[in-house]
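A structural walkthrough
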Amino acid sequence: MEVDEVYSSRKLDEVEGKAINELIARSQETIPDPDGWLDEELKRNILLTTVDAVINWGRRSSMWPVFCFPACCAFEFMTTAASRFDISRFGMEIVRASPRQADLMITAGTLTWKMAPQVKRIYDQMAEPKWVIAMGACAISGGIFRSSYSVVPGYNRIIPVDVYVPGCPPRPEALLYGIGMLHKKIAKMSITSGDGE
Amino acid sequence: MTLALSGEKIARQIEKRFPESVIESGADSLLVKGDSLLEVAAYLKSTPGLDFDYLTAITAVDYYDYFEVVYQLTSLKHNHGLVVKTRCYDRDNPVLPSVVSLWRGADFQEREIYDLMGISFEGHPNLKRIVLWEGFEGHPLRKDFL
């Protein structure tokens, strides 16, 4: 057929497939949740407490989420962002298309292995400090698709997750509660212990 | 509403032109031999009075003993439809002729069937996986896939 040039090249497909298979092989274990902040209270430096308080207040008061909405939980996120629930109350209304300008990834939806390398790349491109909220059953564990051949059984296979918000999908109140949990976590962070942790 | 044509009536018409190409026919569908699928499809598309100029959908079913591929044809000119089926008994290397040369819409659907059911379409210009990634093992819509 004379329309061969409209098709993507097989070579490109093979490179993509190889990357996906390598990611699957690398992601057989879950990444442990970041929990260094739990000990933070104990070793808190008294001189820096006020600085920490100001920095943490700034960080948590303007968390900009990045676009990562692969499935239906996105609608619940939109509701959360819209006027009735209004996440601009927390300085979060600017959802960034560029990961360079975002602090928070709200993983709203089922992730397939074919999509996983791109999500991991977006997470890697976000500047530190950065946080992840796993929103919904699929993001936590793969949900009803957990035993599927093509679905990532939980985002924590590819990226570390800070807060898990259960529900299928979670109601906006649940997501706001999760954001509140993350605020509490950020409030306990200290700049003396390195990047966010 | 689109009128569903009787498979028996069309089958008699096809039999006159291509003897022994139709295996069986019922009120709503007809079953065609895999070898003669392409010529029957071309006949259905180009015969005045039938004019099946639009391929609504292709699906494949795994019946363990054989794969059945179902073509839903529609004529936008006459507003009537027909269901054509064909079977493929070879489980290790199932091959059927591609109808992309007749209906361009078959392109992605045949690729999807190839991807998920593992049926090869001979004469397809770009037969490769479409939903899953290159290097995935097996064809997940087969009943014996685990």
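Above this text sits the structure in question.
Keep in mind that what you see is a predicted model, and the values were worked out from it rather than measured. (Residues numbered from 1 in each chain as written. Chains lettered and ligands numbered in written order. Predicted model: local features only at pLDDT ≥ 70, side-chain atom pairs only at ≥ 80, totals over all residues. Heavy atoms only, no water.)

**Looking at the overall build of chain B**
Along the backbone of chain B there are three helices and eight strands. Listing the helices and strands of chain B from first to last along the sequence gives β-α-β-β-α-β-β-β-β-α-β. Taken over the C-alpha trace, chain B has a radius of gyration of 15 Å; the compact-globule value for 146 residues is 15 Å, and the two agree within 12%. Buried residues in chain B amount to 49% of all 146 residues. A sequence separation of at least 24 residues applies to 47% of the contacts in chain B between residues at least 6 apart. If you average the places of the 16 positive and of the 22 negative side-chain charges in chain B, the two averages end up 6 Å apart. (Helix = DSSP H or I, 4+ residues; strand = E, 2+ residues; numbered from the N terminus. Rg over C-alpha atoms; globule rule 2.2 N^0.38 Å. Buried < 20%, exposed > 50% of the residue type's maximum accessible area, 1.4 Å probe, protein only. Contact = heavy atoms within 4.5 Å. Lys, Arg positive; Asp, Glu negative; His and termini not counted. Charge placed at Lys NZ, Arg CZ, Asp CG, Glu CD.)

**Remarks on the overall build of chain A**
Within chain A, the secondary structure is distributed over six helices and four strands. Reading chain A from its N end, one meets helices and strands in the order α-α-β-α-β-α-β-α-β-α. Within chain A, the proportion of its 197 residues that are buried is 40%. When contacts within chain A are restricted to residue pairs at least 6 apart in sequence, those whose partners lie at least 24 apart make up 82%. When the accessible surface of chain A is summed, it comes to about 10,500 Å², and 58% of that surface belongs to carbon and sulfur atoms. (Areas by Shrake-Rupley, 256 points an atom, 1.4 Å probe, with all protein chains shown as cover.)

**Concerning the pairing of strand 4 (residues 54-62) of chain B**
Residues and elements named next belong to chain B. Two strands pair when backbone bridges link them, and strand 4 and strand 5 (residues 67-75) are joined in this way by eight bridges, in the antiparallel orientation. Among the inter-strand pairings, A60 is bridged to a residue of strand 5, identified as V69. Linking strand 4 to strand 5, which pair antiparallel, is a turn of four residues; within it Y64 sits at a positive phi near 70°. (Pairing = 2+ DSSP bridges.)

**Section: the nonpolar core**
Across soluble globular proteins, you tend to see nonpolar side chains buried next to one another. In this structure, I14, L44, Y71, V84 and V99 of chain B are the most contacted members of the largest nonpolar core, which totals 35 residues. Among the elements of the structure, helix 1 (7-17), strand 3 (29-32), helix 2 (37-46), strand 4, strand 5, strand 6 (80-88) and helix 3 (106-117) of chain B are those that each provide at least two residues to this core. Once residues within four sequence positions are removed from consideration, I14 of chain B is found in contact with S21, V22, L30, V40, Y43 and L44 of chain B. Core analysis: the next-biggest nonpolar cluster, separate from the first, contains 25 residues, Y123 and I159 of chain A together with W133 and F136 of chain B among them. (Core = buried A, V, L, I, M, F, W, Y, C linked by side-chain atoms within 4.5 Å.)

**Here we look at the side chain of S98 of chain B**
All names here are of chain B. Among the secondary structure elements, S98 is positioned in the loop between strand 7 (95-97) and helix 3. Classification of S98 by relative accessible area gives buried; the value is 4%. Within the local environment of S98, its side chain forms a polar contact with the side chain of E110, the two groups lying 2.7 Å apart. (Polar contact = N/O pair within 3.5 Å; in protein donor to acceptor, adjacent residues only side chain to side chain.)

**Focus: the environment of K45 of chain B**
Residue and element names in this part refer to chain B. With respect to the element layout, K45 can be found in helix 2. In this structure K45 comes out as partly exposed when scored by relative accessible area, which is 30%. Along the chain, K45 and Y64 lie 19 residues apart, while their C-alpha atoms are 31 Å from each other. A polar side-chain atom of K45 sits 2.8 Å from the main-chain carbonyl oxygen of L102.

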